[in-house]
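# Descriptive structure summary
Each chain is listed here by its residues.
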Amino acid sequence: MNYEILQLPKIEDVRGNISVIEKDILPYPIKRVYYLYDIPSNAHRGGHAHIELQQCLIALSGSFDVVLDNGNERKSVHLNKPDKGLIIPSGVWRELENFSSGAVCLVIASKEYDESDYIRDFDAFLKYTNQRE
Ligand code: T46
């Protein structure tokens, strides 16, 4: 499964920690930042793939699971640390679930919002991955 867990720099201090995303830590230039919050624990987000977009997901607060599927293999990644970034490359189906109370998901994206970059139907995604191979 083609994803990566990035260890972000962490500056530890008795007053609290700082993590920084700068320079070329991410494998792409940053074009957009958004975040999911006030998420009910039974909510399911995602449920789509992107044709070109690459993203880095960070559990800024709380925890949640990210289910990844590349058309051949499915894997669940648990995010619960603000100094770990999950890099999801293009062409990977993702579903977000099991949100803890107070969970905040920060997303750092390689492109601006573009609905035509989404594949929101799983059968269409499987056809897309078969055509790509
Ligand atoms: C992803 C997961 C982790 C915008 O207008 N601009 C934006 O930048 C975004 C992200 C969304 N929207 C609108 C589009 C929809 O009308 O907000 C509404 C909800 O978006 P969506 O159903 O795609 O939300 P999620 O949480 O299912 O997915 C989002 C991202 O879209 C997606 O790329 O990987 O978060």
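This text gives an overview of the structure that appears in the document. (Residues numbered from 1 in each chain as written. Predicted model: local features only at pLDDT ≥ 70, side-chain atom pairs only at ≥ 80, totals over all residues. Heavy atoms only, no water.)

### Details of the sheet that holds strand 11 (residues 104-109)
Ordered by their spatial adjacency, five strands build an open sheet running 1-9-6-11-4, and the pairing between neighbours is antiparallel. Of all the strands in the sheet, just strand 1 (4-7) and strand 4 (32-36) have a single pairing partner and so form its edges. For this sheet, the mean inter-axis angle between neighbouring strands, taken without regard to orientation, is 25°. Pairing of strand 1 with strand 9 (residues 84-88), which is carried by four bridges, proceeds in the antiparallel orientation. Residue pairing in the sheet places Leu6 in a bridge with Gly85 of strand 9. (Pairing = 2+ DSSP bridges. Helix = DSSP H or I, 4+ residues; strand = E, 2+ residues; numbered from the N terminus. Axes fitted to C-alpha atoms, helices over the stretch in contact; angles between N-to-C directions.)

### Overview of the pattern of salt bridges
Opposite charge on two side chains makes pairing possible when the charged atoms of those side chains draw close. Following the criterion strictly, the structure yields five salt bridges and no others. A salt bridge links Glu52 to Lys111, with the shortest nitrogen-to-oxygen separation between them at 3.3 Å. Highlighted residues: Glu52 in the loop between strand 5 (45-50) and strand 6 (55-61) and Lys111 in the loop between strand 11 and strand 12 (118-119), separated in sequence by 59 residues. The exposure class assigned to Glu52 is partly exposed, which follows from its relative accessible area of 48%. Here Arg74 makes a salt bridge to Glu95, at a shortest N to O gap of 3.8 Å. One end of the pair, Arg74, is in strand 8 (residues 74-79); the other, Glu95, is in strand 10 (residues 93-97), and 21 residues separate them in sequence. (Salt bridge = Lys/Arg side-chain N within 4 Å of Asp/Glu carboxyl O. Buried < 20%, exposed > 50% of the residue type's maximum accessible area, 1.4 Å probe, protein only.)

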